[in-house]
Amino acid sequence: MTQSRILVTGATGRVGGAVVARLHAAGVPVRALVRREADFPEGVQTVRGDLGDPASLDAALEGVDSVFLVWPCLGAEGAADVIDAIRKHARRVVYLSSAGVGSGQEEPGEAITMFHTELERLIEASGLEWTALRPTGFASNTLGWAEQIRSTGAVRAPLAGLARPLIHEADMAAVAVQALTTDALLGAHPLITGPELISQKRQLALIGEAIGRPLRFEEITLDEAVDQMKAAGYPAELVEAVLPAQVRMLDDPEPVNGEVERITGTPARSFREWAVDHAADFR
């Protein structure tokens, strides 16, 4: 595949930002889609646009061959128009999907899995070359604990024993770059995971080790967690999807595999490594 410009959506987020950085470091021409002013290394082109306004994407897509797509909404409304805009300019899209797709969880009320399933369907029907990355839980989601850690040294959350193979954003980015710059993953839905199942209580302990401070996990009930999420402003459909899915994972945890190493040649990073990499975010 000849080198050409790649557009990265979600470029100011954890995964999109890591994709931008990796492409730039490899000397691949990269353009970052942003909704407002943002800082990137010299040589990274930024362009304003909003996936919620497909008409705003034409300038961003001009001269682009491939797109890394991170969908920012909890529903698929407007996605068909965005994918059509991509199709008019680019030939390839790499979509950041979810491990829940294809796992039998596409049920009413599974808001997150449902919109990812619909996005994958639209992309596969578009005529574009495509890859749909299906990562397990993001290690970076534990950044939601940061304020509690800084202020109290404790995290109040449900399901202390919930164990997941959380994946480092750098590993998602490494797989995405393979999909964007080679033909190795065309038409594939790689399930990518962290290297081990690790409980929420253990995640917090490793964050504590990384920042040199003992931390406490204070387990709350599911009802308390619902109230907590609603008070924090989470949409109802997200609250209704996340907690039941987590409860199911207690007895049916996400799988662990070696796909990151198979695809990139480097083993998936551990949660301990992620915590060290992000220690400053919790101090």
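These lines cover the structure that appears in this document, whether it is placed above or below. (Residues numbered from 1 in each chain as written. Predicted model: local features only at pLDDT ≥ 70, side-chain atom pairs only at ≥ 80, totals over all residues. Heavy atoms only, no water.)

1. Side note on a nonpolar patch on the surface
Right, so step 1: A contiguous nonpolar patch, built from Leu222, Val247 and Leu250 and spanning about 210 Å² of accessible area, is present on the exposed surface.
Right, so step 2: Relative accessible area serves as the criterion here: at 42%, Leu250 is assigned to the partly exposed category. (Patch = residues over 30% accessible without salt bridge, like charges linked within 9 Å, V, L, I, M, F, W, Y side chains within 5 Å. Areas by Shrake-Rupley, 256 points an atom, 1.4 Å probe, with all protein chains shown as cover. Salt bridge = Lys/Arg side-chain N within 4 Å of Asp/Glu carboxyl O. Buried < 20%, exposed > 50% of the residue type's maximum accessible area, 1.4 Å probe, protein only.)

2. A word on the pairing of strand β6 (residues 129–135)
Right, so step 1: In terms of burial, β6 is largely enclosed, as 6 of its 7 residues are buried.
Right, so step 2: Looking at chain direction, strand β5 (residues 92–96) and β6 are connected through 5 bridges and run parallel. Residue pairing for β6: Tyr95 is matched across the bridge by Ala132.
Right, so step 3: Pairing between β6 and strand β9 (residues 191–192): 2 bridges, direction parallel. Among the inter-strand pairings, Arg134 is bridged to a residue of β9, identified as Leu191. (Helix = DSSP H or I, 4+ residues; strand = E, 2+ residues; numbered from the N terminus. Pairing = 2+ DSSP bridges.)

3. Observations regarding the sheet that holds strand β4 (residues 66–69)
Right, so step 1: With parallel pairing, the 7 strands of this open sheet are ordered in space as β3-β2-β1-β4-β5-β6-β9. Each edge of the open sheet carries a strand with a single partner, namely β3 (45–48) and β9.

4. Examining the pattern of salt bridges
Right, so step 1: In total, this model carries 16 salt bridges according to the counting rule given.
Right, so step 2: Across the pair Arg87 and Asp84 runs a salt bridge whose closest N-O atoms are separated by 2.4 Å. In this pair, Arg87 and Asp84 are both assigned in helix α3 (residues 79–89), 3 residues apart and thus about one turn of the helix distant.
Right, so step 3: Where Arg92 meets Asp183, a salt bridge forms, and the shortest distance between an N and an O atom there is 2.6 Å. In this pair, Arg92 sits in strand β5 while Asp183 sits in the loop between α6 (169–181) and β9, placing the two residues 91 residues apart along the sequence.
Right, so step 4: Residue classification places Arg92 among the buried residues on the basis of a relative accessible area of 0%.
Right, so step 5: Residues joined in a network through salt bridges with shared partners are Asp65, Arg91, Arg92, Glu129 and Asp183.

5. Observations regarding unusual backbone geometry
Right, so step 1: Here Leu159, not a glycine, exhibits a phi torsion of approximately 60°, which is positive.
Right, so step 2: Tracing the chain through its elements places Leu159 in the loop between β7 (154–157) and β8 (163–164).
Right, so step 3: In this structure Leu159 comes out as buried when scored by relative accessible area, which is 11%.

6. Structural notes on the packing of helix α1 (residues 14–25) against α6
Right, so step 1: Where α1 meets α6, the axes come as close as 8 Å, and the angle between the chain directions of the two elements is 55°. Taken together, the axes of α1 and α6 are oblique relative to one another. Every pair of crossing elements has a handedness; the one defined by α1 and α6 is right-handed. Between α1 and α6, the residues in contact are Arg14, Val15, Ala18, Val19, Arg22 and Leu23 and Glu169, Ala170, Met172, Ala173, Ala174, Ala176, Val177, Leu180 and Thr181, respectively. (Axes fitted to C-alpha atoms, helices over the stretch in contact; angles between N-to-C directions. Parallel < 35°, antiparallel > 145°, perpendicular 65-115°, else oblique. Left-handed = near helix turned anticlockwise from the far one by under 90°. Contact = heavy atoms within 4.5 Å.)

7. Considerations on the nonpolar core
A general tendency of soluble globular proteins is for nonpolar side chains to be buried together.
Right, so step 1: Judged by nonpolar contacts, the single largest core of 29 residues is most densely connected at Val8, Val19, Leu23 and Phe68.
Right, so step 2: Listed by contribution, the elements that provide at least two residues to this core are β1 (6–8), α1, β2 (30–34), β5, α6 and α10 (259–264).
Right, so step 3: Here the element with the most residues in this core is α6; it accounts for 7 residues.
Right, so step 4: Aside from chain neighbours lying at most four places away, what touches Phe68 is Leu7, Val8, Thr9, Val15, Gly16, Val19, Val94, Leu96, Leu133, Ala176 and Leu180.
Right, so step 5: Counting residues in hydrophobic clusters, the runner-up holds 25 residues, among them Leu57, Val67, Trp71 and Ile123. (Core = buried A, V, L, I, M, F, W, Y, C linked by side-chain atoms within 4.5 Å.)

8. Some thoughts on the environment of Ala176
Right, so step 1: Inspection of the secondary structure assignment puts Ala176 in helix α6.
Right, so step 2: The sequence separation of Ala176 and Thr264 amounts to 88 residues, and the corresponding C-alpha distance is 9.7 Å.
Right, so step 3: Leaving out residues up to four positions away in the same chain, Ala176 has contacts with Val19, Phe68 and Leu133.

9. Observations concerning empty space enclosed by the protein
Right, so step 1: Scanning the model with the defined rule gives 1 cavity of 30 Å³ or more in all.
Right, so step 2: Here the largest cavity defines a volume of roughly 30 Å³.
Right, so step 3: Looking at the lining of the largest cavity, the elements that each hand over two or more residues are β4 and α3.
Right, so step 4: When the residues that make up the lining of the largest cavity are grouped by side-chain class, the tally is 8 nonpolar, 1 polar and no charged. (1 Å grid on protein atoms, 1.4 Å probe; cavity = no way out; pocket = protein on both sides within 12 Å on 5 of 7 lines; lining within 4 Å. Points joined across faces, edges and corners; volume = space filled by probe spheres on them. Nonpolar A, V, L, I, M, F, W, Y, C, P; charged D, E, K, R; others polar.)

10. Remarks on the packing of aromatic side chains
Right, so step 1: Applying the stated rule across the entire model yields 3 aromatic pairs.
Right, so step 2: Taking 5.4 Å as the distance between ring centres and 25° as the angle between the ring planes, the aromatic pair formed by Phe271 and Trp274 counts as stacked. Here the residue Phe271 and the residue Trp274 both occupy positions in helix α11 (residues 271–277), the gap between them amounting to 3 residues, near one helical turn.
Right, so step 3: Their ring planes at 70° and their centres at 6.0 Å tell us that Trp274 and Phe282 sit as a pair that is edge-to-face. (Phe/Tyr/Trp six-rings, centres within 6.5 Å; stacked < 30°, edge-to-face > 60°.)

11. Structural notes on helix α4 (residues 111–124)
Right, so step 1: Between its first and last C-alpha, α4 extends 20 Å over 14 residues, near the 20 Å set by a 1.5 Å rise per residue.
Right, so step 2: Against the buried residues of α4 lie β4, α3, β5, β6 and α9 (236–251). (Expected span 1.5 Å × (residues − 1).)

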